[in-house]
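# Residue-level structure breakdown
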Amino acid sequence: MTKEEDENGRYDMLIDGHEIEKRQDTSVPDGFNANYLRVYYVSVTLRAILFRHAKVSNGQPISTYKVGSQYEVYLNALDLFYIALLIKHMDACNVEMWLGKLFPLDDIFKWMSYGNDGKHPACDQSYFGRREFSFTLDNDIYLRFQSFGSVIELDNAIKEKCPFKIDIGPVYNVDPAKRHAYSQAGDNVFTPVERELVFDIDMSDYDDVRYCCSGADVCLDCWPLMTIAIKVLDTALRDDFGFNHILWVYSGRRGVHCWVCDGKARRLNNEQRAAITDYFRVYKGNDNSLKKVSLVGLALHPFLARSYTDVLKDFFEEKLLCSQKLFLSEDRYEKILEMIPDESITSELRGKWQENRRSSSAKEDINVVRWEQLKHLLQSGKHKAQGLRRCVEEIVFSYAYPRLDMEVSKHMNHLLKAPFCVHPKTGRVCVPIDPNCCEEFDPTTVPTLSELLGEINMGGLRAEGDNDWDRTSLGRSVRYFRTAFLQPLLKSCKEEIESSYTAKIEQSKNSLNW
């Protein structure tokens, strides 16, 4: 190579008679996110540590892991330490990319502003700034009373702090970040003035009536309990209370959240919230109670009668009865017999079931057979006493009726996880659920953060103006949030703002005329 060639950076020299292929353009393409590369290198390093020890043990192994079906990996303490650091770093990178590329922040801001982000003279420009947010950071650092004057401030704070979870609280009478200064200025009280009416339903509260899972575990056999809750509550909130703007959200692991966002719902005080919550209270027992539901009176309340006829009865008999195998064993059917106050009936049923431990027909499910026997005996002419007329309904309500976390709904100052957050344990996104087809919702197919980032990576660079989430399986959920919930809500809010403004103008004119 000549000096001139070297200075010009020539590289098409011959080696062993072959010309080296000219280098391709190595410039960074527009829109490239370096976080993708960080995650890639972390995953490569992690694999290198694992496979370095494949089928090799240097010294006494600390832990053993199966990698696929071919390798048995021995890891020493230092390897475990490095792996923990790498996984933690990769999680942080994933969350950062999630918040920067997939979290629909602008939609959340519009929702939380309720039309007050516009230029109408009646808009309350301080409204969003008085909303409380909380951030959960790495190492379980919990930051409450975060507030932001604009979507830009919120965006900057999210990028800076990179929270693993975002919770939404009430709107206060003053900026939550300035609450201490406000409370020291005389008789002023820092208090919430608006809050969505929220409901939290957790599958672990059904552990005494489900046998497929327990605790945080959920499967398709017990998920119908959440479907029942959505159907029962959504109908009552709309038909009995007149609410229209209701958002149902998968919690990301073992339950569902409900946000009632009508103006009249947001302005309810604690006493009114407690009254609505008590309207739904049926499950009043505890783990030591033999009878957890007591339905009194000659006729069921219309709400309860509708819930039983339209939802509970069919779901109990067609899904829960067999999926949970409620009559399969003695310990299970004894829990049901304990709800029947007549000893003669329970003795008769117990005798039948102990003698015939298997169904008389192999084609019939033993749970269905025993349930039909119980219903026939309780509803036959000789047993239609006043104290027994509600036993069948009480059993169904005990096993299928929604179990609410009452305290979350009763008080304005409770926080609830924001939609489209990622559950830190499962990695699944808290996506909205359409109540009109909630029986089709499958929690096991909800996209995870890693799946969504992989979809973005496989999809290539986005075109100008496109949304990253629209190129992933999350797009359907965001579009549903916008069209079915957010747009009708904002239309209603703007109409309410205009109506209130017009009423004030008319009132002012009348005062002047007087």
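Note that this is a predicted model, so its numbers are computed, not measured. (Residues numbered from 1 in each chain as written. Predicted model: local features only at pLDDT ≥ 70, side-chain atom pairs only at ≥ 80, totals over all residues. Heavy atoms only, no water.)

What follows deals with the overall build of the chain. Helix and strand content of the chain: 17 helices and 13 strands. Split into buried and exposed, the 514 residues of the chain put 45% on the buried side. Restricting to contacts in the chain with at least 6 residues of sequence separation, those with at least 24 account for 65%. (Helix = DSSP H or I, 4+ residues; strand = E, 2+ residues; numbered from the N terminus. Buried < 20%, exposed > 50% of the residue type's maximum accessible area, 1.4 Å probe, protein only. Contact = heavy atoms within 4.5 Å.)

Before going further, it helps to examine the sheet that holds strand β13 (residues 432-433). As a general point, the strands of a sheet are linked pairwise by backbone hydrogen bonds and lie either parallel or antiparallel. Strands sit in the order β9-β11-β10-β13 across an open sheet of 4 strands; the sheet is antiparallel. Single-partner strands in this sheet number two, and they are β9 (197-202) and β13. Where strand β10 (residues 246-250) meets β13, 2 bridges bridge the pair, whose relative direction is antiparallel. For W248, the partnering residue across the bridge sits in β13 and is I433. Across the sheet, helix α7 (residues 224-239) is in contact with β9, β10, β11 (255-260) and β13; its angle to β10 comes to roughly 170 degrees. (Pairing = 2+ DSSP bridges. Axes fitted to C-alpha atoms, helices over the stretch in contact; angles between N-to-C directions.)

We now examine the state of the cysteines. Tallying each qualifying case throughout the model produces 0 disulfides. In this structure C222 is a free cysteine whose sulfur lies 3.7 Å from that of C212, the closest cysteine sulfur available. Sulfur of C430: no disulfide; nearest cysteine sulfur belongs to C421 and is 6.0 Å away. (Disulfide = S-S within 2.5 Å.)

With that settled, consider helix α5 (residues 151-161). Listed as buried for α5 are V151, L154, A157 and I158. Buried residues of α5, viewed axially, fall in a sector of 125 degrees; they line one side. In α5, the exposed residues that point more than 90 degrees away from the buried face are I152, K159 and E160. Just downstream of α5, C162 is the residue with a positive phi angle, here 50 degrees. (Arc of directions from axis to C-beta.)

The final tally for this structure, using the stated rule, is 26 salt bridges. Note that K159 is salt-bridged to D155, the shortest N-O span being 3.3 Å. Separated by 4 residues within a single helix, K159 and D155 lie in helix α5, roughly one turn from each other. One salt bridge connects D470 with R479, and the closest N-O pair in it is separated by 2.2 Å. Salt bridges sharing partners connect three or more residues here, namely E194, R266, R267 and E496. (Salt bridge = Lys/Arg side-chain N within 4 Å of Asp/Glu carboxyl O.)

Our focus in this paragraph is unusual backbone geometry. Located in the positive-phi region is D140, a residue other than glycine, with phi close to 60 degrees. Its location among the elements puts D140 in the loop between β5 (131-137) and β6 (141-146). One non-glycine residue, K325, adopts positive backbone phi at about 50 degrees. With respect to the secondary-structure elements, K325 resides in the loop between α10 (302-323) and α11 (330-337). Classification of K325 by relative accessible area gives partly exposed; the value is 38%.

Take the packing of aromatic side chains next. Summed over all chains, the structure comprises 31 aromatic pairs. With a centroid separation of 6.3 Å and an interplanar angle of 65 degrees, the aromatic rings of F316 and Y399 are classed as edge-to-face. Residue F316 is located in helix α10, and its partner Y399 is located in helix α14 (residues 391-400); the two are separated by 83 residues in the primary sequence. The exposure class of Y399 is buried, given its relative accessible area of 3%. Within the aromatic cluster, the residues linked to one another by ring pairs are F199, F241, F243, Y279, F280, F303, Y308, F397 and Y401. Stacked on the ring of Y114, the Lys or Arg R266 has its end atom at 3.7 Å from the ring centre. Over the ring of Y211 we find R332; its NZ or CZ atom is 4.0 Å from the centre of that ring. (Phe/Tyr/Trp six-rings, centres within 6.5 Å; stacked < 30°, edge-to-face > 60°. Lys NZ or Arg CZ within 6 Å of the ring centre and 35° of its normal.)

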